[in-house]
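# Structural features, examined
One-letter residues, chain by chain:
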Amino acid sequence: MRAWEGVLETLVRERRGALVGYAYLLAGERSAAEDLVHDAIIRTFSRARRLDDVRSAEAYVRRTISTQFLNGRRSRATARAKQHLLIDRDAPAADEHAGENQEIARALGLLSARQRACVVLRHFEDLSVDETAQRLGISPGSVKRYVHDAMGTLRAELRGFVEPDAEETSATVVAPRRRSR
């Protein structure tokens, strides 16, 4: 057995639930999250890459999930046609904890794709503004704006569920000044 085959088997067996939970935060529904994870695993392991350990493989798959979600490239028909390639279908349900509160899932569904991705990367992945910007290929100011707007929407929708985050409420976006003529 090649090294990547063992990594793939371990990843699907041990981390699939966490990956589906992560995708669920982005997609907002279980079936779409499953599709994102399946496509990401297939895309990750269908090309020759040096994935010698489960941690790096999981990081690569997570990045692929967020990229696919933002690009909107996944096709349900294609994903269903590829499902037979996955090894373990008996993994524990990932959305047991991710979807416990329907109010939060509903409120996340109100956000745009970029806002949702920024919130998930900042607060679930615990990435810095710069790391989030780099991961999404946007400026740090854009990340701050997306998170700020998203948190405003979430606070309005989830009164009592979301506590203000000092870092997010004090974030300032500075626009360049126009010179007067």
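Above this text sits the structure in question.
Before going into details, it helps to say that this report is about the structure given with it. (Residues numbered from 1 in each chain as written. Predicted model: local features only at pLDDT ≥ 70, side-chain atom pairs only at ≥ 80, totals over all residues. Heavy atoms only, no water.)

## Considering the side chain of T132
Within the fold, T132 resides in helix α8 (residues 129–136). When residues no more than four places from it in sequence are discounted, the contact partners of T132 are C118, L121, R122, L127 and V143. (Helix = DSSP H or I, 4+ residues; strand = E, 2+ residues; numbered from the N terminus. Contact = heavy atoms within 4.5 Å.)

## Focus: the pattern of salt bridges
Scanning all chains against the criterion turns up nine salt bridges. In this structure, the salt-bridge partner of E58 is R62, at a minimum N-O distance of 3.1 Å. One end of the pair, E58, and the other, R62, are both in helix α3 (residues 54–71), four residues apart, so they sit about a helical turn from each other. One network of salt bridges, with partners in common, ties together R15, E58, R62 and E125. (Salt bridge = Lys/Arg side-chain N within 4 Å of Asp/Glu carboxyl O.)

## Brief notes about the packing of helix α7 (residues 113–124) against helix α9 (residues 140–157)
Where α7 contacts α9, the axes come no closer than 8 Å and their chain directions differ by 95°. The pairing of α7 with α9 is recorded here as roughly perpendicular in orientation. Here R114, Q115, C118, V119, R122 and H123 of α7 lie close against α9, whose contacting residues are V143, Y146, V147, D149, A150, M151 and L154. Considered class by class, the residues forming the contact of α7 with α9 number eight nonpolar, two polar and three charged. (Axes fitted to C-alpha atoms, helices over the stretch in contact; angles between N-to-C directions. Parallel < 35°, antiparallel > 145°, perpendicular 65-115°, else oblique. Nonpolar A, V, L, I, M, F, W, Y, C, P; charged D, E, K, R; others polar.)

By themselves these figures say nothing about function.
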